[in-house]
Amino acid sequence: MDQRTTLHSLPQAPREFGFWLDGAWEGGRPLFERASPGHGVAVTLTPKCTVADLDAAVAAARRAFEDRGWAGLSGAERAAVLLRAAEILRRRRDEIAYWEVLENGKPIAQARGEIDHCIACFEVGAGAARLLHGDSFNSLGDGLFGMVLREPVGVVGLITPWNFPFLILCERVPFILASGCTMVVKPSEVTSATSLMLGEVLAEAGLPKGVYNVVTGSGRTIGQALTEHPDVDMLSFTGSTGVGRSVVHAAADSNFKKLGLELGGKNPIIVFADADLEDAADGAAFGISFNTGQCCVSSSRLIVDRRVAAEFEAILAAKMKRIVVGDPLDEATQVGAITTDAQNQTILSYIDKGKAEGAKVLTGGAAIELGRGSYIAPTLFSGVTPDMAIARDEIFGPVLSSFTFNTTDEAIRLANDTVYGLAASVWSKNIDTALTVSRRVRAGRFWVNCIMAGGPEMPLGGFKQSGWGREAGVYGVEEYTQVKSVHVEIGKRSHWIK
Ligand code: TXE
């Protein structure tokens, strides 16, 4: 069997992983078996680590930070490691995409595209490592000179979710490394394989031992212990708003570690009558169906100009019906499986709630039976009112709720009528409308006549209850630094004691 065939069929037996500690694999722990959400077949076995394993990983990261073997390198030397990692990822792209698909259920073609994005993250991180700098104050008078230094914050804990296991990891790791920090990663227990594989990639790229460690296990044990750990200087958490809140409490109750949080979203897509309706409908269909709607930036609230609402919903429903839902290992699949049974139940229960609250299903509205795995048809609800559960809660599935507006002010008010502020999109050919809406809707990422566009140069993160801080790009590297003011007296001191 050639590699292409192998990477399009299920493995003969689940692949067993160790965890990644101080630059090497560690084994001998009880194992967690993960079944492919698209097929219901066991695909991986990953260790159920103990809190003692976590302590060992934090100690390794601490040692690697304090010995200056990474933080003490020049930006150019760190960049060289990151660029080598990008090259290795390019070589191992199809293999990493394959394991991502098996654990997550996303389509294989999409997964390969995501790995390409991850490679770009390492390249941008390399550039940022060389450009990271502080500031100076030449304005303090002839007797004093001020420098503002950026120093790596230290040991970082990184907790990631299951929806984009490798992409969310790579939107953080290269930037954490660029800053000179070391880290302990705790991936979601159901999608740990590719975070573990990155350990091998980084070792081959020449990253010193102990700089990148991965400890696998449940959120309640390993995740919680990482958030409470007194020797972790900063924690970056991506996941649900509820756990995000507990992370804030844990940080306060332990050592006030610095936090970066990327939490939920209920993101608006606003379509004006003067938009290219075909383009906007394609964007709306993509925005809610990509990754089965299991995206923090999914555009799940359609806010459409009343004058074109019926026409637009009809175009959109027709497009959503044509989305190819199917086996994640099939090249033609556009939307794969729902990643966990719990998430599948959550989405179906919201679809039931939407129907019970009186919203009208224009397309979808049910599970798709493919004989194995969990699949849900991209769903469009019309006639949604702002008080309905499907209008307010993050469903995290392919379920789009449609509202209408009469004026630009009303569109902005509806867009902001949420506790979240992660992303938003506006579709209009009028520059005044597009810019006014972009400036007044409170969201960390904004798209004008496009959706989910961009690259790792651009920062990402949320307003309001969608989180704290920014990841990626130069902003992302700065997030993992502390700022220090250095004051230098020039010449003879003016004495206090006369
Ligand atoms: O997330 P959790 P879940 C949202 C989405 C989804 C819901 C639940 O609405 O339906 O969250 O998903 C670790 N201390 N998002 O339950 O539990 C856990 O092991 C420390 C949005 O999977 O927040 C995993 O590694 N860590 C989101 C990570 O936290 C803990 C992406 C996320 O899991 C922990 C995912 C604890 N007490 C879900 N409990 C986005 N913004 O993209 C769990 N974890």
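From a predicted model like this one, the values you see are computed outputs, not experimental measurements.

S.K.: Honestly, the confidence of the model for the chain in this entry has me stumped. Any pointers?
M.R.: Low pLDDT marks regions whose predicted coordinates should not be analysed in detail. On average, residues of the chain carry a pLDDT of 96, and 99% of them reach 70 or more. Counting interchain partners and residues more than four positions distant, the pLDDT-below-50 stretch residues 1-5 has 3 contacts.

S.K.: Can you help me understand the environment of Val 156 in this one?
M.R.: Counting through the fold element by element, Val 156 comes out in strand S8 (residues 155-159). Sequence spacing of Val 156 and Ala 61 is 95 residues, and the spatial spacing of their C-alpha atoms is 8.5 Å. Other than its neighbours up to four places away in sequence, Val 156 contacts Ile 176, Cys 181, Thr 182, Met 183, Val 184, Val 232, Met 234 and Tyr 480.

S.K.: What exactly am I supposed to notice about the state of the cysteines here?
M.R.: Simply put, the disulfide is a covalent bond whose two ends are the sulfur atoms of two cysteines. By the definition in use, this model includes 0 disulfides. In this structure Cys 49 is not part of a disulfide, and its nearest cysteine sulfur, from Cys 170, lies 20 Å away. Cysteine Cys 121 shares no disulfide, and the gap to the nearest cysteine sulfur, in Cys 118, comes to 5.7 Å. Of the residues examined, Cys 121 reaches a relative accessible area of 0% and is grouped as buried.

S.K.: What should I look at first to understand the UniProt feature "active site" (unreviewed entry) in the chain in this one?
M.R.: In the numbering used here, UniProt assigns the "active site" (unreviewed entry) feature to Glu 262. Counting through the fold element by element, Glu 262 comes out in strand S12 (residues 258-262). Those residues within four positions of Glu 262 in sequence are excluded, and the remaining contacts are Arg 172, Phe 237, Thr 238, Gly 239, Cys 296, Leu 422, Arg 445, Leu 460 and Ser 466. Only 2.5 Å separates the side chain of Glu 262 from the side chain of Arg 172, close enough to count as a polar contact.

S.K.: Sorry, what's going on with the environment of Arg 112 here?
M.R.: Here Arg 112 shows up in helix H5 (residues 108-131). According to the relative accessible area criterion, Arg 112 is buried, its value standing at 16%. Spatially, the C-alpha atom of Arg 112 lies 5.3 Å from that of Ala 97, the residues being 15 residues apart in sequence. Contacts of Arg 112, omitting those with residues within four sequence positions, involve His 8, Arg 93, Asp 94, Ala 97 and Glu 331.

S.K.: Explain the site of the ligand here, please?
M.R.: Surrounding the ligand, one finds 24 residues, the nearest of these being Trp 162, Lys 186, Ser 240, Leu 263 and Glu 394. Within the backbone of Thr 160, a nitrogen or oxygen atom sits 2.7 Å from an oxygen atom of the ligand. In this structure, Ser 240 approaches the ligand through a side-chain N or O atom, which is 2.7 Å from an oxygen atom. About the coverage of the ligand: the protein hides 84% of its 800 Å² of free accessible area. At the level of elements, helix H9 (219-228) and strand S11 (234-238) are the ones that each hand at least two residues to the shell around the ligand. Tallying contributions element by element places H9 first for the shell around the ligand, with 4 residues. Mapped onto the domain boundaries, the shell around the ligand takes at least three residues apiece from domain 1 (15-263 + 466-484) and domain 2 (268-448).

Cut-offs used in this document
Residues numbered from 1 in each chain as written. Predicted model: local features only at pLDDT ≥ 70, side-chain atom pairs only at ≥ 80, totals over all residues. Heavy atoms only, no water. pLDDT = per-residue confidence, 0-100. Contact = heavy atoms within 4.5 Å. Helix = DSSP H or I, 4+ residues; strand = E, 2+ residues; numbered from the N terminus. Disulfide = S-S within 2.5 Å. Buried < 20%, exposed > 50% of the residue type's maximum accessible area, 1.4 Å probe, protein only. UniProt positions renumbered as here; feature names shortened; annotations may be inferred. Polar contact = N/O pair within 3.5 Å; in protein donor to acceptor, adjacent residues only side chain to side chain. Near = heavy atom within 4 Å. Areas by Shrake-Rupley, 256 points an atom, 1.4 Å probe, with all protein chains shown as cover. Domains from an automatic or database assignment.

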